[in-house]
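Read off the chains here:
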Amino acid sequence: MADRVTVIGWDGSPLTDAARSALGAATLVAGAAHHLALPEVPERAERIRLGSVALAARRITGHRGTAVVLADGDPGFFGVVRVLRAPQYGLEVEVVPAVSSVAQAFARAGMPWDDAQVVVAHRRTLRRAVNVCRAHTKVAVLTSPGAGPAELGLLLEGVHRTFVICEELGTDREQVTVVTSDKAADHAWRDPNVVIVIGGPVTGAPENGNWRAGGDPDVGPRGWALPTQEYAGPFGEGETRQLRSAQLARLGPRMGDLVWDIGCGSGAFTAEAGRFGAAVIAVDLDADACARTLAVARRFGVQVQIVHGTAPHVLEDLPEPDVVRVGGGGAAVVSAVADRRPARIVTHAATRDAAELIGRDLTEHGYDVECALLQSVELDTRAWTEKERTVGFLLSGRLPVRHP
């Protein structure tokens, strides 16, 4: 095992005395090509071109001597330190940090970033990173080959965002470009790059500033499945507070998800799913319902995409959902949604026959199906008399292939 492992962050500025001292004593140096070309790297040291960090960690574990790992920016922020400190390698690591590429990017843009979301986009996580950009007004995306500005722009089709693209920060080839998301695919971008994604309504800064990174989650009313009086209405038969509560609990929308709300009606479900941090596409054939949903979303500070049209036909060109609420359209729409294979689907039915029809279709599509008869009675607490009684069937489908 290496006697000592030092991880040095590099942001293009001259190395600190501590970094130069560690490099001068190194018998093994791992890094990208531009790191290994630094004049401070000893000629006698073994050099490892850093591709797989796990592979480099195994080489360092078997090395007898002093190892240095060079990495761009702050190696403790979405960097190599997490892998090197994994228990299976048993490495004790010292870190000499530099300014992170995210901090550099926001500095070049002249913007604060304590209210920004930060995500990493690889080929396997690109869709979820895009969903965060859909749902939030300020996002920094640490890109990778095949999951860069062009791919982000293409997947954000239908959603207007502004990109601040920072290429090769800290080098002589550094360049900062501002484009709209629909134009990002028209260019070839150099790696590495960071993309700041900006969009949605501009809100004023909190009077006392944010108390946590990523923005203040305590905006809006406390709780979820809020009373109907929090929304303008009118409300359809599938929009009772109790049913909405059960639907949210079964879908579990979260950051990185894309939610379809088909038959958005009053906009209550759309707003609440968005408050969990998920991206939401709200669909309705009624233009007034679309307008109400957009107004509710803006009042709650939620970013949504509104699609006016008739399901299931209007769903064909929408991006793949993670979870779906079908608030209108019946068995035909549920079947069309199931063809897209979201992880979870919820809907409701007014009669047992309708519930059985939907349940059988979901089962045929490979979903594990639950059905419950929900009855709620609202009481007037002044006289403790019944005000309103609602009864309906709640159906939920869970796809075991994606979520065992």
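As a starting point, this report considers the structure included with it. Model, not experiment: these values are computed from the prediction.

When a strand is regular, its side chains alternate between the sheet's two faces. Of the two faces of strand S6 (residues 117–120), the one holding Gln 117 and Val 119 is buried and the one holding Val 118 and Val 120 is not buried anywhere. By the bridge criterion, 4 bridges tie S6 to strand S7 (residues 138–142) in an arrangement that is parallel. Note that in S7 the partner of Gln 117 across the bridge is Val 139. With helix H6 (residues 126–135) bridging S6 and its parallel neighbour S7, the resulting β-α-β unit is right-handed.

Let us now look at a nonpolar patch on the surface. A cluster of nonpolar side chains, Val 377, Leu 379 and Trp 384, forms an exposed patch at the surface whose accessible area comes to about 310 Å². Mapped onto the elements of the fold, Leu 379 is located in strand S16 (residues 368–380). According to the relative accessible area criterion, Leu 379 is partly exposed, its value standing at 40%.

Before going further, it helps to spend a moment on the sheet that holds strand S17 (residues 385–398). Taken in spatial order, the 7 strands of this open sheet run S13-S12-S11-S14-S15-S17-S16, and their pairing is mixed. In the strand order of this sheet, the two ends are held by strand S13 (304–308) and S16, each with one partner. Geometrically, the sheet is characterised by an average inter-axis angle of 20° between neighbouring strands, direction not taken into account. The pairing of strand S11 (residues 258–262) with strand S12 (residues 279–284) spans 5 bridges and is parallel. Directly across from Ile 262, in S12, lies its bridge partner Val 283. With respect to the sheet, H6 is in contact with S11, S12 and S13, its orientation differing from that of S12 by roughly 70°. Docked against the sheet, helix H10 (residues 287–299) engages S12 and S13, running at close to 175° with respect to S13.

For the rest of this paragraph, the subject is the environment of Gln 229. Positionally, Gln 229 belongs in the loop between strand S10 (193–198) and helix H8 (241–251). Relative accessible area serves as the criterion here: at 65%, Gln 229 is assigned to the exposed category. A sequence separation of 30 residues divides Gln 229 from Val 259, and the C-alpha atoms of the two residues are 24 Å apart.

Conventions adopted
- Residues numbered from 1 in each chain as written.
- Predicted model: local features only at pLDDT ≥ 70, side-chain atom pairs only at ≥ 80, totals over all residues.
- Heavy atoms only, no water.
- Buried < 20%, exposed > 50% of the residue type's maximum accessible area, 1.4 Å probe, protein only.
- Helix = DSSP H or I, 4+ residues; strand = E, 2+ residues; numbered from the N terminus.
- Pairing = 2+ DSSP bridges.
- Right-handed = clockwise from strand over helix to strand, strands pointing away.
- Patch = residues over 30% accessible without salt bridge, like charges linked within 9 Å, V, L, I, M, F, W, Y side chains within 5 Å.
- Areas by Shrake-Rupley, 256 points an atom, 1.4 Å probe, with all protein chains shown as cover.
- Salt bridge = Lys/Arg side-chain N within 4 Å of Asp/Glu carboxyl O.
- Axes fitted to C-alpha atoms, helices over the stretch in contact; angles between N-to-C directions.
- Contact = heavy atoms within 4.5 Å.

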